[in-house]
Structures are given as structure tokens and as C-alpha cells.
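Results of the structural survey
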Amino acid sequence: VQLVESGGGLVQAGGSLRLSCAVSGGTASNYAMGWFRQAPGKEREFVAAIGWSGGSISYAEPVKGRFTISRDNANNRVSLQMNSLKPEDTAVYYCAAKWGRYYYPQDGMDYWGKGTLVTVSS
């Protein structure tokens, strides 16, 4: 399975970006999907996850109410709509896939994309 992220870039604080993840080499509906991020000098952290059918959605506390994860299994894509962006959201954002219907934090992810950089200026 290959995951390719797109949609990153430079945005001012308060702005919005939409990240997209294209899934190939497998059927997206076989996987729970997630977004993670890694800020400079920090460890990678969980952002959001979505179950195989579009339910079972979870978010990290810092992004709740601002980010929305969604998926389009027909087109093998997962998206992350990011609104009201803050400078602390600056990071490389990674798309990840976990075989199975649901995401469980203790299990980890099976496949990772190479990431897309999001920079939020103040």
C-alpha cells in the first residue's frame, strides 16, 4: 500500500488548508486511516483517525473543533480539513493506514506516507 499526501503549504494564522491522501496498491476500505504530525524538534503525534466506513472518528484534543477527517473509499482518498489554523499546528503531516476496520492507538499503523509540510505563520 502506498500513501501520498498533498495539500500542504504556507498559510496565515486563522486560515484553512485541506490535506489529501491518495491510497494505492490496496483497497482503502480495508484500512482504518489516520493523520499524524511531527513538529520540528518534537515526536510524531496523533491528529485524527477514521474507521473503514467513515465512522469511528477520533481527534487529538488540540485539533478538536477545528479539524475534520473524512474519507472517500470509492476514490481511495482520505482528507483532513484544517480550519482556524494556529502557528502551533506547523508540522509535517503524515497519512497512515492500519489494516482492519478501526483505529486503536495501542496497535500502531501499518503504512505511512512521506508527509506534507504545513507552515502556519503568525
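Data block above holds the structure.
Here the residue numbers are simple positions, counted from 1 along each chain's written sequence. At least 70 in pLDDT is required for a residue's local features to be given in this predicted model, at least 80 for side-chain atom pairs to be given and counted, and no such filter applies to totals for whole chains, interfaces and linings, which use all residues. With hydrogens and water stripped out, all remaining heavy atoms of the structure feed into the side-chain values.

Points about the sheet that holds strand E8 (residues 77–82)
For two strands to be treated as a pair, DSSP must find no fewer than two bridges joining them. What counts as a helix is a DSSP run of H or I of at least four residues, what counts as a strand is a run of E of at least two, and both are numbered from the N terminus. The four strands are arranged E1-E3-E8-E7 in an open sheet whose pairing can be described as antiparallel. Of all the strands in the sheet, just strand E1 (2–6) and strand E7 (67–72) have a single pairing partner and so form its edges. The average undirected angle you get between the axes of adjacent strands in this sheet is 15°. Alignment of E1 against strand E3 (residues 17–24), held across five bridges, turns out to be antiparallel. Within E3, the residue paired with Ser 6 across the bridge is Ser 20. Orientation is described by lines fitted to C-alpha atoms, with helices fitted over the stretch in contact, and by angles between N-to-C directions that extend from 0 to 180 degrees.

Some remarks on the pairing of strand E11 (residues 116–121)
Accessibility here uses a 1.4 Å probe with only protein chains present; expressed as a share of the type maximum, an area under 20% marks a residue as buried, one over 50% as exposed, and anything in between as partly exposed. Because side chains alternate across E11, one face comprises the buried residues Thr 116, Val 118 and Val 120, and the other comprises Leu 117, Thr 119 and Ser 121, none of which is buried. Pairing of strand E2 (residues 9–12) with E11, which is carried by four bridges, proceeds in the parallel orientation. Residue pairing in the sheet places Val 11 in a bridge with Val 120 of E11. For strand E9 (residues 91–99) and E11, the ladder comprises three bridges, and the chain directions are antiparallel. Bridge assignment links Tyr 93 to a residue of E11, and that residue is Thr 116.

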